[in-house]
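Structure assessment
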Amino acid sequence: MENERDLEGAIGRLGVHDHLCLIYETQEEQFAAVFPYIKNGLERGEKCVYIVDDHTAEAVLAGMTAAGLDAQAAIRSGKLAILSKQETYLKEERFDPDWMIAFLKRAMLEAKAMGFSALRVTGEMTWMLGGDPGVERLMEYEAKLNFFLPENDVLAICQYNLNRFSAEVIKNVLSTHPLIIYGGMVRRNFYYVPPEEFL
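Below, the structure is looked at part by part. Predicted model only: the values in this text are computed from it and were never measured.

Cut-offs applied
- Residues numbered from 1 in each chain as written.
- Predicted model: local features only at pLDDT ≥ 70, side-chain atom pairs only at ≥ 80, totals over all residues.
- Heavy atoms only, no water.
- Helix = DSSP H or I, 4+ residues; strand = E, 2+ residues; numbered from the N terminus.
- Buried < 20%, exposed > 50% of the residue type's maximum accessible area, 1.4 Å probe, protein only.
- Contact = heavy atoms within 4.5 Å.
- Areas by Shrake-Rupley, 256 points an atom, 1.4 Å probe, with all protein chains shown as cover.
- Lys, Arg positive; Asp, Glu negative; His and termini not counted.
- Charge placed at Lys NZ, Arg CZ, Asp CG, Glu CD.
- Core = buried A, V, L, I, M, F, W, Y, C linked by side-chain atoms within 4.5 Å.
- Polar contact = N/O pair within 3.5 Å; in protein donor to acceptor, adjacent residues only side chain to side chain.
- Pairing = 2+ DSSP bridges.
- Expected span 1.5 Å × (residues − 1).
- Salt bridge = Lys/Arg side-chain N within 4 Å of Asp/Glu carboxyl O.

1. Re the overall build of the protein
- In terms of helices and strands, the protein carries eight helices and seven strands.
- Along the three orthogonal principal directions, the C-alpha set of the protein runs to about 40 × 40 × 30 Å.
- A total of 199 residues make up the protein; the buried ones form 50% of that total.
- Considering only intrachain contacts with a sequence separation of at least 6, the fraction spanning at least 24 residues in the protein is 76%.
- Counting every atom, the protein has about 9400 Å² of accessible surface; 52% of that belongs to carbon and sulfur.
- If the 20 positive side-chain charges of the protein are averaged to one point and the 30 negative ones to another, these points end up 5 Å apart.

Pasting the structure below:
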C-alpha cells in the first residue's frame, strides 16, 4: 500500500512536457498508474485524453468510477475525452507520426482556447499490434515526441503491456522515453537516447 501512495505522489509531481512510458503486466498495475494521472490532470485544470485499445471505453470508465473519479461528469463538461485508435492514431487509416503530432498540437491549442492549462494524454499502445499500415513507424513517433513535448504544453504516458510486446519493442520503448513507470515507481530512465541520436 505504501508503494501505491508513493506512485500516486510521484505521478502528482509530473510536469507539463514530461514523456513517460508505463511498462505493466496486469490491469491492476496499469490502472494504479493511469487513473491517478488522469485525476491529477483534472484537478490541475488540464484537458485529459485517454486513448483506449486493450480495454473498451466502458471498461476504462467503470475502472475510473471504481477508483473514485467522476469520469462521466468530466466527459460531460469536456474535461475528459475517451477516444479510440480510429479517432486518433489511425484516423487517416494509416499511422503517420507527423500527422499524429499535428493532431496533438491542434488538440492542445483547442484545449487552451477553452481555458485549460495543458493537454494530458495517455494511450494504450497495443493498437500497433493490429498490423495497420504505418505501425512500423511507431518508434519514430515516440522519438519525435521528445522534440514536440518540451516546446508544447502537453504531457504523455504511453502504456505498454509487457506480456503483449516483444523484447525488441520494449528495448526501443526504453530508448525513447526519458521517464519510466515500472514496478510501482516513477524513475528517470538511464536507457533513454536523445531523439536526434535515436533517429
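2. Let's talk about the nonpolar core
- In this structure, Tyr89, Met100, Leu104, Trp127, Leu138, Tyr141 and Tyr160 are the most contacted members of the largest nonpolar core, which totals 38 residues.
- Where this core is concerned, the elements lending two or more residues are β1 (19-24), β2 (47-51), β3 (80-83), α5 (97-113), β4 (119-124), α6 (138-148), β5 (154-161) and α7 (167-175).
- Phe35, Ile38, Leu61 and Leu69 belong to the second largest nonpolar core, which has 27 residues in total.

3. Examining the side chain of Glu46
- Within the secondary structure, Glu46 sits in the loop between α2 (27-44) and β2.
- The exposure class of Glu46 is buried, given its relative accessible area of 3%.
- Engagement of the side chain of Glu46 in a polar contact is seen with the side chain of Arg120, the distance being 2.5 Å.
- With residues near it in sequence (within four places) discarded, Glu46 still touches Val16, Gly41, Lys79, Phe116, Ser117, Ala118, Arg120 and Leu155.

4. Here's the deal with the pairing of strand β6 (residues 179-182)
- Relative to β6, β1 runs parallel, the two sharing three bridges. Its bridge partner lying in β6, Leu22 is registered against Ile181.
- Of the pairings in the sheet, the one linking β6 to strand β7 (residues 185-188) comprises four bridges and is antiparallel in character. Paired with Leu179 across the strands is Arg188, a residue of β7.
- Between the antiparallel neighbours β6 and β7 lie two residues, among them Gly183 with a positive phi of about 60 degrees.

5. Focus: α2
- Here α2 spans 25 Å end to end across 18 residues, near enough to the 26 Å set by a 1.5 Å rise per residue.
- Taken as a whole, α2 has its buried residues at Gln30, Phe31, Ala33, Val34, Phe35, Pro36, Tyr37, Ile38, Asn40 and Gly41.
- Gly45 sits one or two positions beyond α2 and adopts a positive phi of about 80 degrees.

6. Quick notes on the pattern of salt bridges
- One pass over the structure, following the stated rule, counts 10 salt bridges.
- Note that Asp53 is salt-bridged to Lys85, the shortest N-O span being 3.7 Å. Here Lys85 lies in the loop between β3 and α5 and Asp53 lies in the loop between β2 and α3 (57-66), a separation of 32 residues in the sequence.
- Between Glu140 and Lys144 there is a salt bridge whose closest N-O contact spans 2.7 Å.

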